[in-house]
Amino acid sequence: MIIEHAYAHLPSYREETWPWSVPCVRQLLDEGLRFTAPVTFLVGENGSGKSTLVEALAEGFGLDSYGGSHDWRYASPRGKSALGECMRFDAASGRGRRMVTSWSARKGFFLRAETALDALGREGFSPDHVSHGEGFLAAFRGKFLHPGLYVLDEPEAALSFSSCLELIGHIDRLAREGGQVICATHSPLLTALPGAEIIEVGEHGMRQVAWRELGIVDHWRRYLTDPHAYLRHIVEP
Ligand SMILES: Nc1ncnc2c1ncn2[C@@H]1O[C@H](COP(=O)(O)OP(=O)(O)O)[C@@H](O)[C@H]1O
Ligand SMILES: [Mg+2]
């Protein structure tokens, strides 16, 4: 594990403007965000603030906000966001201390769904010759090797069921080897990783939840049991 606490302080901000208008960002400013396990999943509705949060965490740690690894952050075509700029971290004991105190020791990778293929191209994985999902898998196999901070934004988007299982294996291995993974996701499959912490993001801000209590798990279970129970409200008979 690398970081155990992320926080951000600002002397003042306008609550009605993004990103301060997002409830989870305001909770981060008020209380910080504590990590209790080497793998943390952030779940929540579209627009709840997961991407805003993971981007700021990645930026604050020095990972390129466009997506990519620590060693080409200066090539970023985007500037740091106001939130990324003021993000600070407390290190977990052990390996984390060096990574958090020394900028050059920081290692990791930020996989951002929207720009992942482009980012992978810059990393040497040729995106022209592989599918979106294959590109993701190539990144997991080729880049998720060293203990560091891995920030993932909906990595399941392009992955099949079995590829998601492979991804869980990579995440688990990284965590066991001293790394840390923070992952925004809608996947009931990924969030089932034993020992992972799950944080639900929404209007309330952020709160820890158990896998069994997640809305996405309940909805998927009921949908698979009886799709019609949902579809009769959506499609015409
Ligand atoms: N660059 C931006 N400028 C202004 N508003 C934004 C920007 N990015 C996201 N938002 C808004 O912030 C809220 C949270 O978005 P986002 O973090 O992308 O949610 P999620 O990833 O959970 O779907 C949404 O209301 C979205 O419209
Ligand atoms: Mg998002």
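Residues numbered from 1 in each chain as written. Chains lettered and ligands numbered in written order. Predicted model: local features only at pLDDT ≥ 70, side-chain atom pairs only at ≥ 80, totals over all residues. Heavy atoms only, no water.

With that settled, consider the sheet that holds strand β2 (residues 33-34). Ordered in space as β2-β1-β5, the three strands form an open sheet in which the pairing is antiparallel. Both edges of this open sheet fall to β2 and β5 (87-91), since each of them pairs with a single strand only. As paired strands, strand β1 (residues 3-8) and β2 are joined by two bridges and run antiparallel to one another. Each residue of the ladder has a partner; that of A6, found in β2, is L33. Across the sheet, helix α1 (residues 23-31) is in contact with β1, β2 and β5; its angle to β1 comes to roughly 100°. (Pairing = 2+ DSSP bridges. Helix = DSSP H or I, 4+ residues; strand = E, 2+ residues; numbered from the N terminus. Contact = heavy atoms within 4.5 Å. Axes fitted to C-alpha atoms, helices over the stretch in contact; angles between N-to-C directions.)

As a structural note, the neighbourhood of ligand 1 is formed by W18, V22, E45, N46, G47, S48, G49, K50, S51 and T52. Interatomic distance of 3.0 Å between a side-chain N/O atom of W18 and an oxygen atom of ligand 1. For ligand 1, whose free accessible area comes to 560 Å², the fraction covered by protein is 54%. Classifying every residue of the shell around ligand 1 gives two nonpolar, six polar and two charged. (Near = heavy atom within 4 Å. Polar contact = N/O pair within 3.5 Å; in protein donor to acceptor, adjacent residues only side chain to side chain. Areas by Shrake-Rupley, 256 points an atom, 1.4 Å probe, with all protein chains shown as cover. Nonpolar A, V, L, I, M, F, W, Y, C, P; charged D, E, K, R; others polar.)

Turning next to the packing of aromatic side chains. One pass over the full model with this rule turns up seven aromatic pairs. A ring pair is formed by Y13 and W20, whose centres lie 5.8 Å apart and whose planes are at 40°; its orientation type is tilted. For W20, a relative accessible area of 8% gives the class buried. Taken together, a centroid distance of 5.8 Å and an interplanar angle of 75° make the contact between F61 and F89 edge-to-face. Placement of F61 in helix α2 (residues 50-61) and of F89 in strand β5 is noted, with a sequence separation of 28 residues between them. Note on accessibility: F61 and F89 belong to one class, buried. By way of ring pairs, the aromatic residues F109, F140, F144 and Y150 are connected into one cluster. (Phe/Tyr/Trp six-rings, centres within 6.5 Å; stacked < 30°, edge-to-face > 60°. Buried < 20%, exposed > 50% of the residue type's maximum accessible area, 1.4 Å probe, protein only.)

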